[in-house]
Amino acid sequence: MSFVIGVELGQVSDVTAIAVVQSLTLPFLRTEEIRERRWVSLRPVYQGPDGKEVREHPPVNFALRHLERFPVGSSYVEIRDRVVALARGLLGPAVVLDATGVGTAAVSLFRSGSLYVTTVTLVAGDQAAQDGSSYRVPKKDIVSVTQVLLQTGRLKIARALPHAELLARELVNFRSRVRAQTTESQLDWREGVNDDLVLALGIASWQAERNPGLGFSCSYGVSEMRVF
């Protein structure tokens, strides 16, 4: 199992939200080695719900474990320190930060500490781009991932979570209004006063779906040894 902390970082006049999503993977048992004539393949072996070994992992389910909001005027230092504290309570979580509405100084502040941070900038259009640990992702892609996970029952949200009811209302009312223009300045970043929770959940779900924490599979070639 693995965790993703999604940080929807607002401007000074905005609310900031944090969502923690957990990947509900099957228990990892071991790595299996398969030898063929010129190839060696490594693949993970999991324990299925019935206790038997499973080599093909089913689609991973996810659970929203934590929701938190910071009021308008909260300092970036305070928010960064809270994210660090949350990360310490988890086992090596991924941290993804929405950098759409903030400057490079705020991003640098989060990256200056003990966190390894992936940043996402929401853009209009259809093209995604990557530069190291920084991503430019169409907003509709973030929205689509969350919608599909919810509609297929792969993302669970506990009603007892703080702000869960507010999040549910946001999800019902939230609509992607990405326009035809492709410049970031023309993107409707936050469309409503409470979209912070939806976007925090969205970027966390996007990252969790990309890297759900499954075991590593690979194959490599080996030279045939001849003995004379």
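Shown above is the structure to which this text applies.
Here we summarise the structure given alongside this text. Within any chain, residue numbers begin from 1 and follow the written order of that chain's sequence. Residue-level local features of this predicted model are given only where pLDDT is at least 70; pairs of side-chain atoms are given and counted only at 80 or more, and the full residue set underlies all totals for whole chains, interfaces and linings. Excluded from the side-chain calculations are hydrogens and water; all other atoms, namely the structure's heavy atoms, are used.

A few points about helix 3 (residues 139-151)
For step 1, the next point in the chain: Secondary structure counts use DSSP, requiring at least four H or I residues in a row for a helix and at least two E residues in a row for a strand, with both numbered from the N terminus. Here, expected helix span is obtained from the residue count minus one, scaled by 1.5 Å. Between the first and last C-alpha of helix 3 there are 18 Å, a value that for 13 residues agrees with the 18 Å anticipated at 1.5 Å per step.
For step 2, the next point in the chain: Classification of residues uses two cut-offs on accessible area relative to the type maximum, computed with a 1.4 Å probe and protein chains only: under 20% is buried, over 50% is exposed, and between them is partly exposed. By the burial criterion, the buried members of helix 3 are K139, I142, V143, V145, T146 and L149. Relative to the axis of helix 3, the buried residues are bounded by an arc of 155° and lie together on one face.
For step 3, the next point in the chain: Residue contacts are counted whenever heavy atoms from the two residues lie within 4.5 Å of one another. Against strand 6 (61-70), strand 8 (117-123), strand 10 (134-138), strand 11 (155-157), helix 4 (164-173) and helix 5 (195-210) lie the buried residues of helix 3.
For step 4, the next point in the chain: After helix 3 finishes, the residue G153 shows a positive phi value of roughly 75°. Here, the arc refers to the directions that run from the helix axis to the C-beta atoms.

Re the packing of helix 1 (residues 76-88) against helix 2 (residues 104-111)
For step 1, the next point in the chain: Their axes nearest at 10 Å, the elements helix 1 and helix 2 cross at an angle of 35°. Crossing geometry of helix 1 relative to helix 2 is assigned as right-handed. Across from Y76, V77, I79, R80 and V83 in helix 1, the residues of helix 2 making contact are A106, L109 and F110.
For step 2, the next point in the chain: Under the scheme applied, nonpolar residues are Ala, Val, Leu, Ile, Met, Phe, Trp, Tyr, Cys and Pro; charged residues are Asp, Glu, Lys and Arg; polar residues are all the others, including Gly. Grouping the amino acids of the contact of helix 1 with helix 2 by side-chain chemistry returns seven nonpolar, no polar and one charged. Convention adopted: a line fitted to C-alpha atoms gives each axis, helices being fitted over their contacting stretch, and angles between N-to-C directions are expressed from 0 to 180 degrees. Here a crossing is called left-handed whenever its near helix is offset anticlockwise from the far helix by less than a right angle, and right-handed whenever the offset is clockwise.

Things to note about the pattern of salt bridges
For step 1, the next point in the chain: Just to be clear on terms, a salt bridge is a Lys or Arg side-chain nitrogen sitting within 4 Å of an Asp or Glu carboxyl oxygen. One pass over the full model with this rule turns up eleven salt bridges.
For step 2, the next point in the chain: One salt bridge in this structure joins R55 and E32, with 2.9 Å as the shortest N-O distance. Taken together, the residues R55 in the loop between strand 5 (53-54) and strand 6 and E32 in strand 3 (residues 28-35) connect sequence positions 23 residues apart.
For step 3, the next point in the chain: Under the relative-accessibility criterion, E32 is labelled buried at 14%.
For step 4, the next point in the chain: Residues joined by salt bridges that share partners form a network here, namely R30, E32, R43, E53 and R55.

What about the side chain of T146?
For step 1, the next point in the chain: Relative to the elements of secondary structure, T146 occurs in helix 3.
For step 2, the next point in the chain: A 3.5 Å cut-off defines polar contacts: any pair of N or O atoms within that distance qualifies, except that in protein one atom must be a possible hydrogen donor and the other a possible acceptor, and neighbouring residues in sequence count only when both atoms are side-chain atoms. Looking at T146, its side chain comes within polar contact range of the main-chain oxygen of I142, at 3.2 Å.

Things to note about the nonpolar core
Note on soluble globular proteins: their nonpolar side chains tend to be buried together.
For step 1, the next point in the chain: Residues V21, F62, L64, L167 and W206 are the most contacted members of the largest nonpolar core, which totals 30 residues.
For step 2, the next point in the chain: Mapped by element, the contributors of at least two residues to this core are strand 2 (16-24), strand 6, strand 8, strand 10, helix 3, helix 4 and helix 5.
For step 3, the next point in the chain: Tallying contributions element by element places helix 5 first for this core, with nine residues.
For step 4, the next point in the chain: Once you skip the residues sitting within four places of it in the chain, L167 turns out to touch L64, L67, I157, L197, V198 and L201.
For step 5, the next point in the chain: Each nonpolar core is a collection of buried residues, namely Ala, Val, Leu, Ile, Met, Phe, Trp, Tyr and Cys, held together in the definition by side-chain atoms within 4.5 Å. By size, the runner-up hydrophobic cluster in this structure holds 21 residues, among which are V83, L86, A99 and V107.

That is the geometry; function is a separate question.
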